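Secondary and tertiary structure notes
Here is what each chain is made of, one letter per residue.
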Amino acid sequence: MMASPPSSGVSDPEILEGLRRVVDAQIGPRLEGAIYTNQDGAFEVLAVIRDPKRARELLNRRCAQWALIVQDRLRPGAEPFAVGSVWTTSDHLVREADGTPANTNGGGTR
């Protein structure tokens, strides 16, 4: 019979809150309706998927915890697609999710 692993002393709610914070940091300000740019183009966020099972299906990654459905705003008629790249300093918010133009004096916050 195998012994149980030692308890870390951290409760499930604390672990879930920590995971939520990590996911929030990875998504950054890319909420539904936001537009952001990076070296690949300019993208509008159509949906934020926080269901890990659905994110894994969309991204075809076994460990995905989230995904974004985005649409390239520089290519007319572009089809929406899923991304799972984390928010970095090379990403720049053009429009916040509520439709307010973003402060363009800086890059990504993460």
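Everything below is about the structure shown above.
No experiment lies behind these values; they were computed from the predicted model shown.

This paragraph deals with helix H1 (residues 12–27). Think of an α-helix as 3.6 residues a turn; residues three or four steps apart then line up on the same face. When the terminal C-alpha atoms of H1 are compared, their 22 Å separation across 16 residues agrees well with the 22 Å that a helix rising 1.5 Å per residue should span. Backbone geometry just after H1 places Gly-28 at a positive phi near 65 degrees.

Inspection of the secondary structure puts Ala-97 in the segment after strand E5 (92–95). Residues Ala-97 and Ile-35, spaced 62 residues apart in sequence, show a C-alpha to C-alpha distance of 7.5 Å.

Turning our attention to the side chain of Asp-91. Counting through the fold element by element, Asp-91 comes out in the loop between strand E4 (81–83) and E5. Although Asp-91 lies buried, it forms no salt bridge, and the closest oppositely charged side chain, Arg-30, sits 4.9 Å away as judged by the N-O distance. Among the polar contacts made by the side chain of Asp-91, one reaches the side chain of Asn-38 at a distance of 3.1 Å. At 2.8 Å, the side chain of Asp-91 forms a polar contact with the backbone nitrogen of Thr-88.

One finds Tyr-36, Val-45, Leu-68, Val-70 and Leu-93 to be the most contacted residues of the largest nonpolar core, which totals 13 residues. Mapped by element, the contributors of at least two residues to this core are H1, strand E2 (41–49) and strand E3 (67–72). With residues near it in sequence (within four places) discarded, Leu-68 still touches Ile-27, Arg-30, Val-45, Ala-47, Val-48, Phe-81, Ala-82 and Val-83. Counting residues in each nonpolar core, the second largest holds seven residues, with Ala-47, Ala-55, Ala-64 and Ala-67 among its members.

Tallied over the full model, the rule gives three aromatic pairs. A centroid spacing of 5.6 Å and a plane angle of 40 degrees characterise the contact between Tyr-36 and Phe-43, whose relative ring orientation is tilted. Per residue, the accessibility class of Tyr-36 equals that of Phe-43, and both read buried. For the pair Tyr-36 and Trp-87, a centre-to-centre distance of 6.1 Å together with 70 degrees between the ring planes defines the contact as edge-to-face. Here Trp-87 lies in the loop between E4 and E5 and Tyr-36 lies in strand E1 (residues 35–38), a separation of 51 residues in the sequence. For Tyr-36, a relative accessible area of 2% translates into the label buried. Members of the aromatic cluster, each reached through a chain of ring pairs, are Tyr-36, Phe-43, Phe-81 and Trp-87.

It is worth spelling out the pattern of salt bridges at this point. Proximity of charged atoms lets side chains of opposite charge pair with each other. Tallied over the full model, the rule gives nine salt bridges. When the shortest N-O distance is used, the salt bridge between Arg-20 and Glu-17 registers 2.5 Å. Highlighted residues: Arg-20 and Glu-17, both in helix H1, separated by three residues, approximately one helical turn. Across the pair Glu-17 and Arg-21 runs a salt bridge whose closest N-O atoms are separated by 3.0 Å.

Reading the values: the criteria
- Residues numbered from 1 in each chain as written.
- Predicted model: local features only at pLDDT ≥ 70, side-chain atom pairs only at ≥ 80, totals over all residues.
- Heavy atoms only, no water.
- Helix = DSSP H or I, 4+ residues; strand = E, 2+ residues; numbered from the N terminus.
- Expected span 1.5 Å × (residues − 1).
- Buried < 20%, exposed > 50% of the residue type's maximum accessible area, 1.4 Å probe, protein only.
- Lys, Arg positive; Asp, Glu negative; His and termini not counted.
- Salt bridge = Lys/Arg side-chain N within 4 Å of Asp/Glu carboxyl O.
- Polar contact = N/O pair within 3.5 Å; in protein donor to acceptor, adjacent residues only side chain to side chain.
- Core = buried A, V, L, I, M, F, W, Y, C linked by side-chain atoms within 4.5 Å.
- Contact = heavy atoms within 4.5 Å.
- Phe/Tyr/Trp six-rings, centres within 6.5 Å; stacked < 30°, edge-to-face > 60°.

Just distances and angles here, no functional claims.
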